[in-house]
2 protein chains.
Amino acid sequence: MNFPSKILEKSVEEISQLPGIGKRTALRLALHLLEVPKNQADNLANSISQLVHNIKHCKECNNLSDTEVCIICGNSFRDDKTICVVEDVRDVMAIENTHQYQGKYHVLGGRISPMEGISASDLCIFPLLERIKEKQVVEIIFALSATIEGDTTMFYLYKLMKDLKIKFTTIARGIGVGDELEYTDELTLIRSLQNRVPYSQDLI
Amino acid sequence: MNFPSKILEKSVEEISQLPGIGKRTALRLALHLLEVPKNQADNLANSISQLVHNIKHCKECNNLSDTEVCIICGNSFRDDKTICVVEDVRDVMAIENTHQYQGKYHVLGGRISPMEGISASDLCIFPLLERIKEKQVVEIIFALSATIEGDTTMFYLYKLMKDLKIKFTTIARGIGVGDELEYTDELTLIRSLQNRVPYSQDLI
């Protein structure tokens, strides 16, 4: 591209570093920022700086937080004897959106994936073990992705903690609500048959 | 969305103000910025600030520029008796990429579009008229979009300048190079028949 201005070129360069944003989209976004009121662009720039410099990881659960201890860990009404282990903050948000879970979380910060060069040592695991002992945790719920990487991570964590006297559960795998049987893949069907549960009207 | 952090929420809010970026994508981008080295996010924030505060419009052609007069207008090797009128900076970049045009430009900053509330007074037209007189321009090339709005803008400008002793041309409309005739729309075919040119081997 033949940029008429170095400043424009630099900002297009920086914006196009973001995932899923190519040079063309970056140019469109940069020109959009030149059209909107200057304070909107300033707010964007400030919020990016604030984000990377001021956000913390909760020292208990490793979730993103504005404070040392996040809102969920700081909430004494929540059951701290149940810990739901998730990969990242988006998973916490997804479960929180259901308004059904009243326990606490532990955010690993990823999953074991040799393909992406992520090993167990890159994950936040040690603080989880500490917490289990300290808080006399009774149940660990694994809520990881239903992928090989998710399964590997779950297996690794289970092996690490299996001697502790706690209950280990994992979120159910089966056909999604609203899915049709004929379009469901074989593995999912096998899992949902194996893990069938007693019929109850509450489940529907 | 249930954000675990106000700072994260604010930045997702700001990022999702950008066109074509929803809340979910904004969250993905924000979390990406937290993963990359801090200076990459700082560079992004700085380049956005730089962009909106330091970029100028060339006082001659209204193109974006780092200096009072842009690189193209400041280039004395280019013919300043031919002015190519375009809608915005992307059009200048597109034509410059062809390396075929040696004249100068005038950037209107949009096109007349009653639907979007853009009238002639929102465009940069007066400096073009001034320049035509000052530089004894001999040809104005209209390189506007082949849409109703583009045509309206071209008609408006032509009416405004038709008494000046200059040649007005517009970029050719016809079937695109590589297009097949059977998939070309009627209007384009009519235009390309009406504006047929003498056969020459150079055209192929």
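Procedures and definitions
- Residues numbered from 1 in each chain as written.
- Chains lettered and ligands numbered in written order.
- Predicted model: local features only at pLDDT ≥ 70, side-chain atom pairs only at ≥ 80, totals over all residues.
- Heavy atoms only, no water.
- Helix = DSSP H or I, 4+ residues; strand = E, 2+ residues; numbered from the N terminus.
- Pairing = 2+ DSSP bridges.
- Axes fitted to C-alpha atoms, helices over the stretch in contact; angles between N-to-C directions.
- Contact = heavy atoms within 4.5 Å.
- Buried area = accessible area lost by both parts, 1.4 Å probe.
- Salt bridge = Lys/Arg side-chain N within 4 Å of Asp/Glu carboxyl O.
- Polar contact = N/O pair within 3.5 Å; in protein donor to acceptor, adjacent residues only side chain to side chain.
- Nonpolar A, V, L, I, M, F, W, Y, C, P; charged D, E, K, R; others polar.
- Buried < 20%, exposed > 50% of the residue type's maximum accessible area, 1.4 Å probe, protein only.
- UniProt positions renumbered as here; feature names shortened; annotations may be inferred.
- Least-squares fit on C-alpha atoms with pLDDT ≥ 70 in both.

**A word on the environment of B:Gly74**
Within the element layout of this structure, B:Gly74 appears in the loop between strand S2 (64-65) and strand S3 (79-86). Between the C-alpha atoms of B:Gly74 and B:Cys61, which are 13 residues apart in sequence, the distance is 10 Å.

**What about the sheet that holds strand S6 (residues 167-170) of chain B?**
All names here are of chain B. Pairing within the open sheet is parallel, and its four strands lie in the order S4-S3-S5-S6. The sheet is open, and its two edges are formed by strand S4 (103-107) and S6, each paired on a single side. Strand after strand, the sheet turns through a mean of 25° between neighbouring axes, direction not considered. The sheet contacts of helix H4 (residues 89-98) involve S3 and S4, and relative to S4 the element is tilted by about 160°. Those strands touched by helix H5 (residues 126-134) are S3, S4 and strand S5 (139-142), and its axis lies near 155° from that of S4.

**Some remarks on the interface of chain A and chain B**
Every contact between the two is made by 51 residues of chain A and, on the other side, 51 residues of chain B. At the boundary of chain A with chain B, total buried surface from both sides reaches about 5,100 Å², with 71% on carbon and sulfur atoms. A per-residue breakdown of the area chain A buries against chain B is headed by A:Pro4, A:Ile7 and A:Met93, which together make up 13% of the total. Joining chain A to chain B, the criterion identifies zero salt bridges. Joining chain A to chain B, the criterion identifies twelve residue pairs in polar contact (both at pLDDT 80 or more). For the side of chain A that touches chain B, the elements supplying multiple residues, two or more each, are helix H1 (6-15), helix H2 (23-35), helix H3 (38-54), strand S2 (64-65) and helix H4 (89-98) of chain A. Sorting elements by how many residues they give to the side of chain A that touches chain B places H3(A) first, with 15 residues. Grouping the amino acids of the side of chain A that touches chain B by side-chain chemistry returns 26 nonpolar, 16 polar and nine charged.

**Quick look at unusual backbone geometry**
Residues and elements named next belong to chain B. We note that His99 has phi near 55°; this positive angle belongs to a residue other than glycine. Looking at the secondary structure, you find His99 in the loop between H4 and S4. Here His99 falls in the exposed class, since its relative accessible area comes to 59%. For Gln136, which is not a glycine, the phi torsion comes out positive at approximately 45°. The residue Gln136 is located in the loop between H5 and S5 in this model. On the accessibility criterion, Gln136 (55% relative accessible area) is exposed.

**Side note on the UniProt feature "zinc finger region: C4-type" (unreviewed entry) in chain A**
Here, UniProt's "zinc finger region: C4-type" (unreviewed entry) annotation points to residues 58-73 of chain A. Secondary structure content for residues 58-73 of chain A is 0% helix and 12% strand, while the C-alpha to C-alpha distance between its ends is 8 Å.

**Thoughts on the UniProt feature "domain: Toprim" (unreviewed entry) in chain A**
As recorded in UniProt, the feature "domain: Toprim" (unreviewed entry) lies at residues 81-176 of chain A. Here residues 81-176 of chain A is 34% helix and 20% strand, with 29 Å between the C-alpha atoms at its ends.

**So, the relation of the copies chain A and chain B**
When chain A is fitted to chain B, the residual RMSD is 0.1 Å, and the transformation amounts to a turn of 180° plus an axial shift of 0.0 Å. Each copy turns onto its partner about a two-fold axis. Relative to the rotation axis, the closest C-alpha in chain A is found at A:Ala45, a distance of 2.1 Å.

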